[in-house]
Structures are given as C-alpha cells and as structure tokens.
Amino acid sequence: MRNINKLLIIILSVFIVTTVAAQAPINLHWAKAAVVKYYNTQQYQHEIHRVVDSAKQYLQQRVIENTKLTQSKKLAIVFDIDETALSNYPSMKKLQFGGSKKDLLQHMQQANDKAIKATYSLYKLAKKNDVSVFFITGRGEHLRKVTVKNLRVAGYTSWQKLYMRPDAYNQKSIVPYKSGARHAIESMNYDIIISIGDQHSDLKGGYADKTFKLPNPFYYIP
C-alpha cells in the first residue's frame, strides 16, 4: 500500500509541475498585431520574393534542359490562387482575420483581389517560355465566373485550365482534390515541373517535380 501511495504522489507531482510549467498561447490581439507587423514591415513580401526567385531559377533550368532533349516534354506549372496568385490581405485585415463564410463569399464576389507581384512575374516567365499554366484552387465551383474575372483583371489573362473544388466535395482535407487535379494534368502528358502554393495541402500528394511553399500567417487549410 505504501508503494502505491508513493507512486500516486509521484504521478500527482509530475502532473502539477507539468500543468504549472505549461504556458498559455499568445493573446489573440497580439497575434493579429504580429501578423500586421509582419506584413507592413515587408518581411512577408521579402519571403515571397525569396521563394519565387528560387522557383524562377528552377523553371529556367528545366526549360534549358528540355531544349536539349531529343523529344521535348510538355512542361507545366501549377498555381494555387488565394495568397499565391491573388492577395486577400485588405479584406482579411478589414475582417480582423476572421469573418463568416458569408463575409468571405461577399468579398470574393467583388472580384477585385490584386495579383501578388512576385507570383505574377513567375506566371509571366512561364508564359514567355511556353510553359503551360494551370490553376488549382480550393474555391468552390460556384465561384468560377467571379474567379475567372478576378484573375483576368489582375493580369492573369490566359491559362490551360482552371480547376475548382467541386461544390459537393466533402472530404476533411483538400489534398485528395488537389493531388487528383495534378494527376489529371499529368494524364494529359504534361510534366508538372513546379507546383506553388501557400498551404502545405496545396502541395502534398505528389504529381509535381518540385514544390514551392509561400508564407501564409493568415489562415490554415488542412
């Protein structure tokens, strides 16, 4: 009995120490302030440029290699849209990085998101080198018309195909849909040399030679 009591005391002591040592997460107000500072001090843009510059170098390398092949490949690049090709930052800040689905839908229907300049330059480089452009977005199919409008207004005037999440899609993760779309592209005999997005779920699941992850401190999509 004494041994049991000693064991219970040890377990309780460990629990108390662990509980006391645990720290509360950062206050939400200060977390949001840190995100705004990260954006306003250009750190966000600097990190995007760093990633995109690497993607540009890789694209040019693959284009050169492709010209040396006896039979050249159909090269392709895949872009995510939100926080990759287009920026939602003004509306996110206005909604204090929250908001309801209705709020977000109203924003997207305005079709006025600006292009992320670094990503747009990668798009232009791909077009210049005859690398086919595909967009794979987590936006629902019901937003196709406004999404096409927004892309074109922002300068993304042409692409091979725009994949949008089926409205009936109900899986917990976006990965099966996005990897399935890339698989469909490769099934058309394209070699996806680059897949670029702001979420890890944009890039998981294979069917791309190289992936590039852009920063996104604003939200998370599994």
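Preceding this section is the structure that the text describes.
Computed from a predicted model, the values in this text were never measured in an experiment.

Asks: Describe in detail the overall build of the protein chain, supporting the description with residues and values.
Replies: For the protein chain, the helix and strand inventory stands at nine helices and seven strands. For 222 residues, the compact-globule estimate of 2.2 N^0.38 gives 17 Å, and the protein chain exceeds it by more than 25% at 22 Å. Taking the principal axes of the C-alpha coordinates as reference, the protein chain spans close to 80 × 45 × 40 Å. A burial count over the protein chain gives 41% of its 222 residues as buried. Considering only intrachain contacts with a sequence separation of at least 6, the fraction spanning at least 24 residues in the protein chain is 72%. Total accessible area computed for the protein chain in this model is approximately 13,400 Å², and 57% of it derives from carbon and sulfur atoms. Between the mean site of the 32 positive side-chain charges and the mean site of the 16 negative ones, the protein chain shows a separation of 5 Å.

Asks: Before we move on, can you summarise the nonpolar core with the specific residues and values?
Replies: Among the nonpolar cores identified, the biggest contains 45 residues, and L59, I77, F135 and I194 are the most heavily contacted of them. The element that contributes the greatest number of residues to this core is helix α3 (residues 43-67), accounting for eight residues. With near-sequence residues (within four places) excluded, I194 lies in contact with A55, Y58, L59, A76, I77, V78, K210 and F212. Within the second largest apolar cluster, 12 residues are counted, among which are V78, Y163, Y169 and A181.

Asks: Summarise the side chain of S195; cite the residues concerned and give the values.
Replies: Here S195 is to be found in strand β6 (residues 190-197). When its relative accessible area of 2% is taken as the criterion, S195 is described as buried. Apart from the residues within four sequence positions on either side, S195 is in contact with V78, R182, D202, L203, A208, K210, T211 and F212.

Criteria and thresholds
Residues numbered from 1 in each chain as written. Predicted model: local features only at pLDDT ≥ 70, side-chain atom pairs only at ≥ 80, totals over all residues. Heavy atoms only, no water. Helix = DSSP H or I, 4+ residues; strand = E, 2+ residues; numbered from the N terminus. Rg over C-alpha atoms; globule rule 2.2 N^0.38 Å. Buried < 20%, exposed > 50% of the residue type's maximum accessible area, 1.4 Å probe, protein only. Contact = heavy atoms within 4.5 Å. Areas by Shrake-Rupley, 256 points an atom, 1.4 Å probe, with all protein chains shown as cover. Lys, Arg positive; Asp, Glu negative; His and termini not counted. Charge placed at Lys NZ, Arg CZ, Asp CG, Glu CD. Core = buried A, V, L, I, M, F, W, Y, C linked by side-chain atoms within 4.5 Å.

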